[in-house]
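One-letter residues, chain by chain:
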Amino acid sequence: MAKYGQNADAIAALVREAEVHRDVYVDPEIFELEMEHLFPNSWIYVGHASQLGKPGDFITANIGRQPVLASRHADGSIHVFYNRCPHKGVKIASEPCGNTGKFFRCPYHAWSFKTDGSLLAIPLKKGYEGTGFGDTQANEGLSKVRNVVIYRDFIFARLSDDGVSFEDYFGESLSTIDNMVDRSPEGKLAVQATPIRYMHTCNWKMLVENQTDTCHPMVAHESSAGTAVKVWKREQGDSTETPMAVQLYGPFMSPYEFYEQSGIRIWPNGHGHTGVANSIHSNYSDIEGYVGQMVAAYGEQRAHEILGEVRHNTVYFPNIMVKGAVQILRNFIPIAVDKTLVESWVYRLVGAPDKLYERALMYNRFINAPTSIVGHDDLEMYERAQEGLKSNGNQWVNLRRLYESHEEQDVTAVINGTSERQMRNQFHAWSKFMTMNMDKRVEAAE
Amino acid sequence: MIDEKAITDFIYLEAELLDTMQWQAWLDLFHPEGRYWMPLEWQQRDPVLQPSLMYEDLLLLKVRVERLAGERTFSQKPKSRCHHLLQAPRIVACDPTAGVYKARTSYIYTETRGDLLERYSGWASHEFVEVGDALKIKLKRVDLVNFDAPFGNIQLFM
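Rules behind the numbers
Residues numbered from 1 in each chain as written. Chains lettered and ligands numbered in written order. Predicted model: local features only at pLDDT ≥ 70, side-chain atom pairs only at ≥ 80, totals over all residues. Heavy atoms only, no water. UniProt positions renumbered as here; feature names shortened; annotations may be inferred. Salt bridge = Lys/Arg side-chain N within 4 Å of Asp/Glu carboxyl O. Helix = DSSP H or I, 4+ residues; strand = E, 2+ residues; numbered from the N terminus. Buried < 20%, exposed > 50% of the residue type's maximum accessible area, 1.4 Å probe, protein only. Expected span 1.5 Å × (residues − 1). Polar contact = N/O pair within 3.5 Å; in protein donor to acceptor, adjacent residues only side chain to side chain. Contact = heavy atoms within 4.5 Å. Buried area = accessible area lost by both parts, 1.4 Å probe. Nonpolar A, V, L, I, M, F, W, Y, C, P; charged D, E, K, R; others polar.

Looking at an unreviewed UniProt entry, chain B carries the name Aromatic-ring-hydroxylating dioxygenase subunit beta, with the source organism given as Bradyrhizobium barranii subsp. barranii. Heading Sequence similarities (unreviewed entry) of the UniProt record for chain B holds this comment: "Belongs to the bacterial ring-hydroxylating dioxygenase beta subunit family."

Under an unreviewed UniProt entry, the name given to chain A is Rieske 2Fe-2S domain-containing protein, and the organism recorded is Bradyrhizobium barranii subsp. barranii. Chain A has a UniProt comment under Sequence similarities (unreviewed entry) that states "Belongs to the bacterial ring-hydroxylating dioxygenase alpha subunit family."

Engineer: Sorry if this is basic, but what is going on with the pattern of salt bridges here?
Structural biologist: Two side chains bearing opposite charge may form a pair once their charged atoms approach each other closely. Residue and element names in this part refer to chain A. On inspection of all chains with the given rule, the structure shows 33 salt bridges over all chains. Note that Arg197 is salt-bridged to Glu343, the shortest N-O span being 3.4 Å. With Arg197 in strand β13 (residues 196-200) and Glu343 in strand β19 (residues 339-349), this residue pair connects regions lying 146 residues apart in the sequence. The partly exposed category is assigned to Arg197, whose relative accessible area is 25%. One salt-bridge network, held together by shared partners, links Arg152, Asp178, Asp182, Arg302 and Glu305.

Engineer: Whenever I open this one, the UniProt feature "domain: Rieske" (unreviewed entry) in chain A confuses me. Can you help?
Structural biologist: The sites that carry the UniProt feature "domain: Rieske" (unreviewed entry) are, in the present numbering, residues 44-123 of chain A. Taken end to end, residues 44-123 of chain A is 0% helix and 45% strand, and its two terminal C-alpha atoms sit 36 Å from one another.

Engineer: Got a minute to help me understand helix α14 (residues 373-388) of chain A in this structure?
Structural biologist: Each α-helix turn comprises 3.6 residues. Residues three or four places apart therefore point the same way. All names here are of chain A. Across its 16 residues, α14 extends 23 Å between first and last C-alpha, which sits within 8% of the 22 Å expected from 1.5 Å per residue. Every buried residue belonging to α14 is among Ile373, Val374, Gly375, His376, Asp377, Asp378, Leu379, Glu380, Tyr382 and Gln386, and all of these are buried. With a side-chain oxygen lying 3.2 Å from the backbone nitrogen of Val374, the N-terminal cap of α14 falls on Ser372.

Engineer: Sorry if this is basic, but what is going on with the interface of chain A and chain B here?
Structural biologist: Quoted interface sizes are often the accessible area lost when the parts come together. Counting residues at the interface gives 42 residues for chain A, matched by 34 residues for chain B. Carbon and sulfur atoms supply 59% of the area buried between chain A and chain B, which totals about 3100 Å² over both sides. Counting the contacts that link chain A with chain B gives six salt bridges. Summed over the shared surface of chain A and chain B, the number is 15 residue pairs in polar contact (both at pLDDT 80 or more). Residue assignment for the side of chain A that touches chain B shows that the elements contributing at least two residues are β13, α8 (222-235), α9 (244-249), β19, α13 (354-367) and α14 of chain A. Counting residues per element, the side of chain A that touches chain B draws most heavily on α8 of chain A, at 10 residues. Classifying every residue of the side of chain A that touches chain B gives 22 nonpolar, eight polar and 12 charged.

If you want it as structure tokens, here you go:
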């Protein structure tokens, strides 16, 4: 029986000051409501403009349950549509990306559309004369997603007609994207690599929470990062140079004190990042020639400001994480209450040495691949949580680490790096965007 | 003198060592500069500037093997097991004078853990070097037919 549909109070009651009810992870009805409310009310990452290099290029994505399609039009503009033919609803594009030429053509009845979505032609057009077709929604072509913002080539969309504006939704948190883009001497990123895809049999929020959980690496990753450090110490012999691989694995084993001092910054609407003062990305070797390029492009002071920002994981609520220092974006795509597709994208810093790109690709396969031993450590924990939460012994998940009573919501603050406050911040946003349009709809029905 | 049978026997032996979890003996099959590569793109050419699922040298393979037996390796409680079903290897090159030995083998690989069983299909391409009288793996390349699919954990070796 439906417990939560149109019941904003029941949903809000799942999130307490420093606890959440297990239903947020295991209840299929809650998952469906997330698809219907949370995702459409939020700004969701669709893709990167570099994937749409020339007119006719397109990419497909999902926002919640809804398939969308983004394309580059002849005049260079980018448009986002619902990926359905206005005739019988057939998906227009079925591949993750491609080039459609001058127009999209529905494979069922050959209705065709310009790359800005407008209706180009219908076979046997005469059959519609005098039918009033001109007044239908179908005559407008592909339905547009109206709220689209392309921020420094990152394409975001919000499906709901009303809600929080892009600027108010992300605010200062966009500084992480800024920093990642600024790391290119030309101020430009490019997607060239296929994303690494990894299927997780757990709720999508477990992954998002894990991005700012700094008390698990030295425990869960002792098996992978810990073993890497141990084997290297034993095998290094006379070698004085630490291989890139060991530099990437090693910092995961940093002690609690390291993470405590690194700090977490929280922002309104559920965004936040680890690694304020320091991070696991701080001590990688310099790449030959890179700093010189940056200084030439930005000047001494600005170049060092950009490179001195070593943020670890930035969560953009609800479902992406950006890692500026190694140019990675992870997209946690919800499939079912206990199934999440993870796509991990690497951006190339345009104009920077190949070695930086090599390091980013290496990091991605070491940490984010289905063949990653670090990934194995994490997924094992999520799967065990998904199983364990079925227990009736205690129906609440505890998020009380470094909790202070009456914490302010929707504020910017820098806190101890081992705090669970960013998770509390996310659940406050979760509750807000889940129920945002719900009360209104109840009123309308009354 | 290495002949075609020696190459084929090597490939069958390698699969047997993996299936029986004789990890150290398997590592011993690699040349010190050997690599294990699983591409992520169609007909991939570059393991470094194109994305891969794995591209591991002997140090990283040792880390994996050592991890499998670790006391705190929770993703191996219970342990995974694997099975290789190989088609007869096709000898691509066997030239003792030039020291070039290559083979390509079509296979079905099964990895199981607990009650779960996952099946993968692909091709293994081996490149060998001769050290003393023995072959050593210079490169083992694993191309899955569905390299771009979203897999769950792949914990052992194909």
